[in-house]
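Observations on the model geometry
Here are the chains, one letter per residue:
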Amino acid sequence: MHHSRLSTFVIDCKGDDFDASARFWSAALGRKLKPVDPDSPNYRELEATADEPSLLLQQVEHESRIHLDIESDDLDAELERLEALGARRVAYVKRWWVMEAPTGQRFCIVRPQRGPLEGRANVWDGEGR
């Protein structure tokens, strides 16, 4: 058995002024920007409550879009479950999978981002249920 749940909405931002993009989304969504992590200069995080998905901005080279992250305590099992549902692998990047839904949307499978998942996420058996 493994666990998974919606973790994060990621706003991919293409452009020359990433900080201006972060200020826009902060104001538009009414969420304060968290302090910049010097180890992750291409990311900005907006505040969210513990009950909400995280809101992350990511500086990218591809066209701007929004994608979501699914966090799981077993990336391989979640990968297999989602492939069985029709998703396809796009790439393994650093420590997460980029996937594509049967309808073309991109999303990622990531390790737990907001603490342990047990008791706080979907539970899947070996059959993907």
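Structure shown above.
Now for a look at the structure at hand. Bear in mind that the values here come from a model prediction, so they are computed numbers and not experimental data.

A separate point is the side chain of Thr 8. Looking at the element boundaries, Thr 8 is found in strand 1 (residues 2-13). Within the local environment of Thr 8, its side chain forms a polar contact with the side chain of Ser 7, the two groups lying 2.8 Å apart. Setting aside chain neighbours within four positions, we find Thr 8 in contact with Pro 53, Ser 54, Leu 55, Leu 56, His 67, Leu 68 and Asp 69.

Taken across its five residues, strand 7 (residues 106-110) has four buried, putting it largely inside the fold. With four bridges connecting them, strand 4 (residues 65-72) and strand 7 associate as parallel partners. Within the sheet, the bridge partner assigned to Leu 68 lies in strand 7 and is Phe 107. Looking at chain direction, strand 6 (residues 96-100) and strand 7 are connected through four bridges and run antiparallel. Considered in strand 7, the bridge of Glu 100 is made with Arg 106. The turn linking strand 6 back onto strand 7 is made up of five residues, and Gly 104 within it adopts a positive phi angle of 100°.

Summed over all chains, the structure comprises two aromatic pairs. Ring geometry for Phe 24 and Trp 25: centres 5.1 Å apart, planes at 80°, overall edge-to-face. A relative accessible area of 24% means that Trp 25 is categorised as partly exposed. An angle of 70° between the planes, with centres 5.2 Å apart, marks the rings of Tyr 92 and Trp 97 as edge-to-face. Residue classification places Tyr 92 among the partly exposed residues on the basis of a relative accessible area of 42%. We classify Trp 97 as buried; its relative accessible area is 14%.

Counting 10 residues, the largest nonpolar core is built from Ile 70, Leu 75, Leu 79, Leu 82, Ala 87, Trp 97, Met 99, Ala 101, Phe 107 and Ile 109. Looking at this core, the elements with two or more residues in it are helix 2 (75-84), strand 6 and strand 7. The greatest single-element share of this core, amounting to three residues, is contributed by helix 2. If you look at the next biggest cluster of nonpolar residues, it comprises seven residues, including Cys 13, Leu 46, Leu 55 and Leu 57.

Among the 12 residues in strand 1, 10 count as buried, and that is most of the element. As judged from the three bridges shared by strand 1 and strand 8 (residues 122-124), these two strands associate in the antiparallel manner. In the sheet register, His 3 faces strand 8, and the bridge partner there is Val 123. Sheet analysis places strand 1 next to strand 4, joined by eight bridges and oriented antiparallel. Bridging across to strand 4, Arg 5 finds its partner in Glu 71. The sheet contact formed by strand 1 and strand 3 (residues 54-59) spans six bridges and is parallel. Looking at strand 3, one finds that Ile 11 is bridged to Leu 57.

What counts as what
Residues numbered from 1 in each chain as written. Predicted model: local features only at pLDDT ≥ 70, side-chain atom pairs only at ≥ 80, totals over all residues. Heavy atoms only, no water. Helix = DSSP H or I, 4+ residues; strand = E, 2+ residues; numbered from the N terminus. Polar contact = N/O pair within 3.5 Å; in protein donor to acceptor, adjacent residues only side chain to side chain. Contact = heavy atoms within 4.5 Å. Buried < 20%, exposed > 50% of the residue type's maximum accessible area, 1.4 Å probe, protein only. Pairing = 2+ DSSP bridges. Phe/Tyr/Trp six-rings, centres within 6.5 Å; stacked < 30°, edge-to-face > 60°. Core = buried A, V, L, I, M, F, W, Y, C linked by side-chain atoms within 4.5 Å.

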